[in-house]
Amino acid sequence: DVKVTQSSRYLVKRTGEKVFLECVQDMDHENMFWYRQDPGLGLRLIYFSYDVKMKEKGDIPEGYSVSREKKERFSLILESASTNQTSMYLCASSSLRGGLGEQYFGPGTRLTVT
Amino acid sequence: GEDVEQSLFLSVREGDSSVINCTYTDSSSTYLYWYKQEPGAGLQLLTYIFSNMDMKQDQRLTVLLNKKDKHLSLRIADTQTGDSAIYFCAERNNFNKFYFGSGTKLNVKP
């Protein structure tokens, strides 16, 4: 079974802090994604990566950056956290090598910025 | 980006059928998916349909696709309290871009 893990389930940070959210997948997937989920807005794509050291902006990249130094790990960085970044953050991975190409999701990190 | 729209809430009684609807705008969709999110968890793939299919049945789940109207639906027969969750439809297009709907929260009353 594909497993996508996220470093924390709950996180509380102060305004202005630098925040790192880590995501690891164990299925050698080439694609990895970061979303935020807010009530009534569904999932909004922040950044995605198709390969190591590659990154592309999603729909709402402002205030975020990412890092993919190894294939299995995709990190989301909030350079200076703000209260409007309080949200649920979901990581996902996928592969186009056979199968349906569907995305597999981690359990999510609920981030509160005070 | 492309639009994928769903109603936000649906409430049904246990044992009834639930129908969750979704509309999308991308005519180059290749696959359409339904995901289920239980409280406090990530999304899990529930079922899918290829864009050249009209219907797919999987036990209590029936997916209907009207490609002309860009309308997708998920029918859950004999809905149980354990089916209470948020259901997301999603499409993947020719460029491997995914678009998710806002999610429909299904509440099943005993």
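Rules used in this analysis
Residues numbered from 1 in each chain as written. Chains lettered and ligands numbered in written order. Predicted model: local features only at pLDDT ≥ 70, side-chain atom pairs only at ≥ 80, totals over all residues. Heavy atoms only, no water. Helix = DSSP H or I, 4+ residues; strand = E, 2+ residues; numbered from the N terminus. Contact = heavy atoms within 4.5 Å. Pairing = 2+ DSSP bridges. Axes fitted to C-alpha atoms, helices over the stretch in contact; angles between N-to-C directions.

Can you break down the environment of Met32(A) residue by residue, with the values?
Residues and elements named next belong to chain A. Relative to the helices and strands, Met32 is located in strand β4 (residues 31–38). Sequence separation between Met32 and Ser95 is 63 residues; the distance between their C-alpha atoms is 8.9 Å. The contacts of Met32, once residues within four sequence positions are left out, are Cys23, Gln25, Phe48, Ser49, Arg68, Lys71, Glu72, Arg73, Phe74, Cys91, Ala92 and Ser93.

So what's going on with the sheet that holds strand β6 (residues 55–58) of chain B? Which residues, and what values?
Residue and element names in this part refer to chain B. Pairing is antiparallel in the open sheet, where 5 strands are placed in the order β1-β3-β8-β7-β6. Every other strand in the sheet has two partners, leaving β1 (4–6) and β6 as the edge strands with one partner each. When strand polarity is set aside, the average angle formed by the axes of neighbouring strands in this sheet is 15°. The sheet contact formed by β1 and strand β3 (residues 18–24) spans 3 bridges and is antiparallel. Its bridge partner being in β3, Glu5 is matched across the sheet by Thr23.

Run through the sheet that holds strand β7 (residues 64–70) of chain A, naming residues and quoting values.
Residues and elements named next belong to chain A. If you walk across this open sheet you meet the 4 strands as β1-β3-β8-β7, and the pairing is antiparallel. Looking at the sheet topology across the chains shown, the edges are occupied by β1 (4–6) and β7. The sheet shows a mean angle of 20° between the axes of neighbouring strands, taken without regard to direction. In this sheet, strand β8 (residues 73–78) lies alongside strand β3 (residues 19–25) in antiparallel orientation, the contact comprising 6 bridges. Across the sheet, the residue bridging to Glu22 is Ser75, located in β8.

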